[in-house]
Amino acid sequence: MSAEAPKTEAPADAKPPAPPEKKGKLVTMGIVGGIMLVEGVAIFMFMKFLGADPDPTHGMELGMEAAATTRPWEDSQEIQVAQVRVPNTSGSRTLLYTVRTVIRVSKKDHDKVKEFMESRKNTIDDAIGRVIRSADERHLAEPGLETVKRQIRYELGSLLGDESLIEQVLIPECMPLPTGY
């Protein structure tokens, strides 16, 4: 046994070789990814160059001409109706509301409605104040005050005798102030 036996121990600083399976998987994934990328670009180019543009909407030209010639702000005018300060006790505490109300009417009815608003100012202030005083807290907290606007439109329409004269009720200012400190 004097013959030297082959050394089976590897030196401590040498690393074992990477398994060939892992390298093969990376190459396969790279090839598949490259093929998918080329395929996506080819489909995009094919659709871009050979595809048709979307069809225009039928009658679109007529609608654009009509929109360019009409100006809705010229067909109606605004009339300031009232500015009231009234308390509302329907919530958990009393709030004092400062509310400014404006209505939009057609140009042909402007003079008639304005004359009525000026001749019945106190009646209109009372009607709007009654709407604000009796409104629920949640209606006064709505972002657009739609319920209050609808109620004011009904009250003003009944005073005018024709609710269709009023195109829209606007409330540009609605300021709640707490009371009872």
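Residues numbered from 1 in each chain as written. Predicted model: local features only at pLDDT ≥ 70, side-chain atom pairs only at ≥ 80, totals over all residues. Heavy atoms only, no water.

Packing of helix 5 (residues 121–134) against helix 7 (residues 146–160) leaves a shortest axis separation of 10 Å and a crossing angle of 150°. In terms of orientation, helix 5 lies roughly antiparallel with respect to helix 7. As helix 5 packs across helix 7, the resulting crossing turns out to be right-handed. On the side of helix 5, the interface is formed by T123, I124, A127, I128, R130, V131 and I132, while helix 7 contributes V148, Q151, I152, E155, L156 and L159. For the contact of helix 5 with helix 7, the class distribution of residues is 9 nonpolar, 2 polar and 2 charged. (Axes fitted to C-alpha atoms, helices over the stretch in contact; angles between N-to-C directions. Helix = DSSP H or I, 4+ residues; strand = E, 2+ residues; numbered from the N terminus. Parallel < 35°, antiparallel > 145°, perpendicular 65-115°, else oblique. Left-handed = near helix turned anticlockwise from the far one by under 90°. Contact = heavy atoms within 4.5 Å. Nonpolar A, V, L, I, M, F, W, Y, C, P; charged D, E, K, R; others polar.)

Another point: the nonpolar core. Counting 27 residues, the largest nonpolar core has I103 and V148 as its most contacted members. Among the elements of the structure, strand 1 (76–88), strand 2 (95–106), helix 4 (110–119), helix 5, helix 7 and strand 3 (166–178) are those that each provide at least two residues to this core. When sequence neighbours within four positions are dropped, the list of residues in contact with I103 reads Q77, E78, I79, V81, V113, M117, L156, I166, Q168 and V169. (Core = buried A, V, L, I, M, F, W, Y, C linked by side-chain atoms within 4.5 Å. Buried < 20%, exposed > 50% of the residue type's maximum accessible area, 1.4 Å probe, protein only.)

Strand order in the open sheet formed by 3 strands is 1-2-3, with antiparallel pairing between adjacent strands. At either end of the open sheet lies a strand with only one pairing partner, and these are strand 1 and strand 3. Across the sheet, the axes of successive neighbouring strands diverge by a mean angle of 15°, strand direction being ignored. Pairing geometry for strand 1 and strand 2, over 12 bridges, is antiparallel. When the bridges of strand 2 are listed, V84 appears paired with V99. Contacting strand 1 and strand 2, helix 4 crosses the sheet at an angle of about 25° to strand 1. Each of strand 1, strand 2 and strand 3 touches helix 7; the most contacted strand, strand 3, lies at about 125° to it. (Pairing = 2+ DSSP bridges.)

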